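Structure assessment
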Amino acid sequence: MCPFINNQTAQPMALLNTSDALQRTILATVPDAMIVIDEAGTILLFSDAASRMFGYDAGEAIGQNVRGLMPNPDRDRHDDYMRHYMETGEAHVIGIGRVTNARRRDGSTFPIELAVGEVLGEHGRLFTGFIRDLTEMQRAERRLADLQAELSHISRVSAMGSLANALAHELNQPLTAISSYAEGARTLLGEDGMPPEENIAMVREALADASEQALRAGQIVRRLREFISRGESERRVERLRRLVTEAAALALTGTGPSGIDFEIRLDPAVDKVLVDRIQIQQVLLNLIRNAVEAMQRSPRQILEVRSRPGTRGMVEVTVSDSGPGLAPEVAAVLFQPFNTSKEKGMGLGLSISRTIVEAHGGRIWAEPSEFGGTAFHFTLEFAAEITEEPQDG
Ligand code: ADP
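Bear in mind that the values here come from a model prediction, so they are computed numbers and not experimental data.

Some details on the packing of aromatic side chains
Across all of its chains, the model carries three aromatic pairs by this definition. The interplanar angle of 50 degrees and the centroid separation of 6.3 Å between the aromatic rings of phenylalanine 46 and phenylalanine 54 together place this pair among those described as tilted. Judged by its relative accessible area of 2%, phenylalanine 46 is buried. Exposure remark for phenylalanine 54: the relative accessible area of 1% places this residue in the buried category. With centroids separated by 6.2 Å and ring planes inclined at 90 degrees, the aromatic side chains of phenylalanine 335 and phenylalanine 376 adopt a geometry described as edge-to-face. In this pair, phenylalanine 335 is assigned in the loop between α9 (328-331) and α10 (349-359) and phenylalanine 376 in strand β12 (residues 374-381), connecting sequence segments 41 residues apart. Of the two residues examined, phenylalanine 335 and phenylalanine 376, each falls in the buried class. Three or more aromatic residues joined by ring pairs make a cluster, and in this case those are Phe46, Phe54 and Phe110. Between arginine 363 and the ring centre of tryptophan 365, over which it is positioned, the NZ or CZ distance is 4.0 Å.

Right, here's the structure in full:
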């Protein structure tokens, strides 16, 4: 714990002179783990939070060398770090908030943030370390990284929107061919009576060609399906609260400091929904981003995500804003691809959202919002009756 000595934080602290009762109170209540060591690295004080964090009682820790709380390489090098600092006054690691690793009683290591101060005690120099466990924070960061990885799938789905256009074009060819082969065959068969023998052979050929084209069309459709799906269906019982908070965090990331008055009002009675989490988060992400973009010039920026029981076993989710509302020309073709009023817009967000919601058995629609802007509503299947799978939080 000592490559951390910071001259700037050195300040005469009379900690060890304070009354026992006061000292005990401080050690019991200081929220971060607090450890005081002497020049030799011997632990003199060990707070309650430190006991919880490392798994040692104060009685066991006091008198031991602080090295025991570090994993290698710091553990082996700690004495050298201390000696070097004592001789040269040169701090190796300066500053509040050094991030390093610590070691619990059971040998497991965990990330910590460490702030160190130097104390001038009666019997020489003492060092106070305040330690914060970063495990939770790192878990949250990992979760964010996972979400970002999942987003790459989402962008694949978005790219699908433009691809769908190309594919529709491609599908047109075999469909037109099938239609003209069928038409040709009908002509060859004639209006009435038996068609000549040579025509029968041509009809057979036309039908073979038509069926080949139909197979080709099928292949195109299959290719598209493979492209958008990630294998088997990923529908599970999910908590709406989690979907919304994560999607909102992502949607609002990078929008810079904003004056948006953002509120999540979810009905806890309808929190469980049966969905593909990533896809529904994509819908929420689209709607929230659209709302934020729509309100850019609004003097009053209100964004609200709400849920309530819907009809026929569904949950209704609403994303409302206080923006200018839908432009009439957009409203007329809402949810259709390539319909955008934005300079850099693709006009795909809402059409993809509709595809996703409808594939989930729900529907999506827009109405004026109570805040004077737009409210997008969509429904999802409520999952109260279904056994919940274990979730990782
Ligand atoms: P894009 O955002 O790329 O334009 P979308 O399909 O998500 O594509 O949206 C289509 C259009 O719908 C937008 O360009 C915008 O004109 C309109 N729109 C969507 N959401 C809102 C909203 N909350 N308020 C006002 N207009 C909206």
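On we go from here.
Section: the layout of surface pockets
Each pocket or cavity is described by its volume, and for the largest pocket that value is around 1,100 Å³. As for the largest pocket, its lining consists of 40 residues, and the residues nearest its centre are Arg289, Asn290, Glu293, Thr340 and Lys342. Elements that contribute at least two residues to the lining of the largest pocket include exactly α5 (135-189), α8 (277-294), β10 (314-321), α10 and β12. The dominant element in the lining of the largest pocket, judged by the number of residues it contributes, is α8, at nine residues. Partitioned by chemical class, the residues of the lining of the largest pocket number 18 nonpolar, 16 polar and six charged.

Structural notes on the site of the ligand
Around the ligand, the structure places 19 residues, and the nearest of them are Asp321, Thr340, Ser341, Lys342 and Leu350. Take threonine 340: an N or O atom from its side chain is 2.6 Å from an oxygen atom of the ligand. Here glycine 349 contributes a backbone N or O atom positioned 3.3 Å from an oxygen atom of the ligand. With the chains in place, 92% of the 530 Å² that the ligand exposes on its own is no longer accessible. When residues of the shell around the ligand are traced back to their parent elements, those giving at least two are α8, α10 and β12.

Considerations on the pattern of salt bridges
Opposite charge on two side chains makes pairing possible when the charged atoms of those side chains draw close. The tally for this structure, following the rule as stated, stands at 16 salt bridges. A salt bridge links arginine 125 to glutamate 39; its shortest N-O distance comes to 4.0 Å. Residue arginine 125 is located in strand β5 (residues 124-133), and its partner glutamate 39 is located in the loop between β1 (33-38) and β2 (43-46); the two are separated by 86 residues in the primary sequence. Glutamate 39 sits in the partly exposed class, given a relative accessible area of 37%. Between arginine 308 and glutamate 316 there is a salt bridge, with its nearest N and O atoms 3.4 Å apart. We classify arginine 308 as partly exposed; its relative accessible area is 48%. Several salt bridges converge on common partners, so that one network encompasses Glu238, Arg242, Glu246 and Arg277.

Considering the side chain of aspartate 32
By the element assignment, aspartate 32 lies in the loop between α1 (20-29) and β1. A polar contact of 3.0 Å, which involves the side chain of aspartate 32, links it to the side chain of arginine 132. Here aspartate 32 is in contact with Ser47, Ala49, Ile131 and Arg132, once residues within four sequence places are set aside.

Describing the sheet that holds strand β9 (residues 302-309)
Within a sheet, neighbouring strands are paired by backbone hydrogen bonds and run either parallel or antiparallel to one another. The strand order across the open sheet built from five strands is β7-β9-β10-β12-β11, with neighbouring strands paired in mixed fashion. Unpaired on one side and paired on the other, β7 (261-265) and β11 (364-368) mark the two borders of the sheet. Neighbour-to-neighbour, the strand axes of the sheet open up by a mean angle of 15 degrees, direction not taken into account. With five bridges joining them, β11 and β12 adopt antiparallel strand pairing. The partner of glutamate 367 across the bridge, within β12, is alanine 375. Sheet strands touched by α8: β9, β10 and β12. Its angle to β12, the strand with the most contacts, is close to 170 degrees.

What counts and how
Just so you know, the residues in each chain are numbered from 1, in the order the chain's sequence is written. With the structure being a predicted model, the display of local features is reserved for residues of pLDDT at least 70 and the display and counting of side-chain atom pairs for 80 or more, all residues being used for whole-chain, interface and lining totals. Derived side-chain values reflect all non-hydrogen atoms in the structure, with water molecules and hydrogen atoms excluded from consideration. Aromatic rings from Phe, Tyr and Trp, taking only the six-membered ring of Trp, are treated as a pair when their centres fall within 6.5 Å; an angle between ring planes under 30 degrees marks them as stacked, one over 60 as edge-to-face, and anything in between as tilted. Only protein chains enter the accessibility calculation, which uses a 1.4 Å probe; a residue is then buried when its area is under 20% of its type maximum, exposed when over 50%, and partly exposed in between. Starting at the N terminus, helices and strands are each numbered in turn, a helix being any DSSP run of H or I of at least four residues and a strand any DSSP run of E of at least two. Charge-over-ring contacts are defined here by two conditions on Lys NZ or Arg CZ: a distance within 6 Å of the ring centre and an angle within 35 degrees of the ring normal. Grid points spaced at 1 Å and placed over the protein atoms alone form the basis of the search, with a cavity being a set where a 1.4 Å probe fits but cannot get out and a pocket an open set showing protein on both sides within 12 Å along at least five of seven lines. Lining residues have an atom within 4 Å of a point. Grid points are joined across faces, edges and corners, and a volume is the space filled by probe spheres set on the points. Residues are sorted three ways: Asp, Glu, Lys and Arg are charged, Ala, Val, Leu, Ile, Met, Phe, Trp, Tyr, Cys and Pro are nonpolar, and all the rest, Gly among them, are polar. Each residue is tested against the molecule or strand, and it is near if at least one of its non-hydrogen atoms lies within 4 Å. Polar contacts, as counted here, are pairs of nitrogen or oxygen atoms within 3.5 Å of one another; within protein the pair requires one atom able to donate a hydrogen and one able to accept it, and residues that are adjacent in sequence qualify only if both atoms are side-chain atoms. Surface exposure here means Shrake-Rupley accessible area, sampled with a 1.4 Å probe, where a residue is shielded only by the protein chains that are shown. Salt bridge criterion: a side-chain nitrogen from Lys or Arg within 4 Å of a carboxyl oxygen from Asp or Glu. Whether two residues are in contact is decided by their heavy atoms: any pair within 4.5 Å suffices. Here, a strand pair is defined by DSSP locating no fewer than two bridges between the strands. Fitted lines through C-alpha atoms give the axes, limited to the stretch in contact for helices. The angle between two N-to-C directions lies from 0 to 180 degrees.

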